[in-house]
Amino acid sequence: MEIERKYLIEEKNLPGNLECFPSHLIEQGYLCRNPVVRIRRQDDDYILTYKSNGLMAREEYNLPLNAEAYRHLKEKIDGKLVSKRRYLIPLENELTIELDVFFEPCRGLLLAEVEFPDEESANSFCPPTWFGKDVTFDGRYHNSSLSR
């Protein structure tokens, strides 16, 4: 089960020391949007993901792919490939901010996601002051929508 909250971030509010945090280069494409079937390259790892419907909470299953399978499926994606750098910023209570800085075709978009162990934690979360608008329940900010 994936339980996460999602926030828009303004560039002027970004932490000034992003390069101090671990990060990953990610590209992902969508083979299907309902249910979500996604392929992802994260650095040198390749993953096929299934996600059920939902906004804050939904089922998620990940399966490993090899580079050859990823390249084969990449030719079959529906829409555009989404590319981003994801920074991992620690929070209290063993939570992590996943700050996505998007490249073309979504350049300029900055999204922060925080995953939670349960819905109660997600519902009681007080975001850091540098977070912007909560877009958890706005499907336009799902990466599958951004790939259109």
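Further up the page is the structure itself.
Keep in mind that what you see is a predicted model, and the values were worked out from it rather than measured. (Residues numbered from 1 in each chain as written. Predicted model: local features only at pLDDT ≥ 70, side-chain atom pairs only at ≥ 80, totals over all residues. Heavy atoms only, no water.)

Visitor: Is there a simple way to explain the side chain of R86 in this structure?
Guide: Position of R86 among the secondary structure elements: in strand β7 (residues 82-90). Of the polar contacts made by the side chain of R86, one reaches the side chain of D100; its length is 2.7 Å. In contact with R86, other than residues within four places in its own chain, are P22, S23, H24, I26, R40, E98, L99, D100 and E113. (Helix = DSSP H or I, 4+ residues; strand = E, 2+ residues; numbered from the N terminus. Polar contact = N/O pair within 3.5 Å; in protein donor to acceptor, adjacent residues only side chain to side chain. Contact = heavy atoms within 4.5 Å.)

Visitor: Would you take a moment to explain the pattern of salt bridges for this structure?
Guide: Where charged atoms from two side chains of opposite charge approach closely, those side chains can pair. In total, this model carries 14 salt bridges according to the counting rule given. Notably, a salt bridge pairs K12 with E10, separated by 3.5 Å at the nearest N-O pair. Residue R107 is joined to E104 by a salt bridge in which the shortest nitrogen-to-oxygen separation is 3.1 Å. Several salt bridges share partner residues, and in doing so they unite K6, K84, R86, E98, D100 and E113 into one network. (Salt bridge = Lys/Arg side-chain N within 4 Å of Asp/Glu carboxyl O.)

Visitor: Mind showing me how you'd approach the pairing of strand β9 (residues 110-115) here?
Guide: Sheet faces and side chains relate simply in a regular strand, where the side chains alternate between the two faces. Extensive coverage of β9 is indicated by the burial of five of its six residues. Relative to β9, strand β1 (residues 2-8) is paired through five bridges, and the arrangement is antiparallel. Each bridged residue has a counterpart across the sheet, and for Y7 the counterpart in β9 is A112. (Buried < 20%, exposed > 50% of the residue type's maximum accessible area, 1.4 Å probe, protein only. Pairing = 2+ DSSP bridges.)

Visitor: What exactly am I supposed to notice about the state of the cysteines here?
Guide: In protein chemistry, a disulfide is the covalent bond that joins the sulfur atoms of two cysteines. In total, this model carries zero disulfides according to the counting rule given. Looking at C32, it has no disulfide partner, and the nearest cysteine sulfur is the one in C106, 19 Å off. (Disulfide = S-S within 2.5 Å.)

Visitor: Please explain the environment of V101 as it appears in this structure.
Guide: You can see V101 is positioned in strand β8 (residues 96-102). Separated by 20 residues in sequence, V101 and L81 have C-alpha atoms that sit 15 Å apart. When near neighbours in sequence (up to four residues on either side) are disregarded, V101 contacts K84, R85, Y87, L109 and L110.

Visitor: When you look at the packing of aromatic side chains in this model, what are you seeing that I'm missing?
Guide: When we look at a pair of aromatic rings, we describe it by the centre distance and by the angle of the planes. Using the criterion set out here, one finds six aromatic pairs in the structure. Aromatic side chains F116 and F125 sit 5.1 Å apart centroid to centroid with 65° between the ring planes, which places their arrangement in the edge-to-face category. A ring pair is formed by W130 and F131, whose centres lie 4.9 Å apart and whose planes are at 85°; its orientation type is edge-to-face. Like W130, the residue F131 is buried in the burial classification. (Phe/Tyr/Trp six-rings, centres within 6.5 Å; stacked < 30°, edge-to-face > 60°.)

Visitor: Would you mind showing me how to read unusual backbone geometry here?
Guide: Negative phi is the rule for most residues except glycine; trans is the rule for most peptide bonds. In this model, N34 is joined to P35 through a cis peptide bond whose omega is 0°. Note on placement: P35 falls in the loop between β2 (23-33) and β3 (36-42). The omega angle of the peptide bond from E104 to P105 is 5°, so this bond is cis rather than trans. Within the element layout of this structure, P105 appears in the loop between β8 and β9. The residue D43 is not glycine, and still its phi comes out positive at about 55°. With respect to the helices, strands and loops of the structure, D43 is situated in the loop between β3 and β4 (45-51). Judged by relative accessible area, which is 32%, D43 ranks as partly exposed. Positioned with a positive phi, N93 is a non-glycine residue whose angle comes to about 60°. Positionally, N93 belongs in the loop between β7 and β8.

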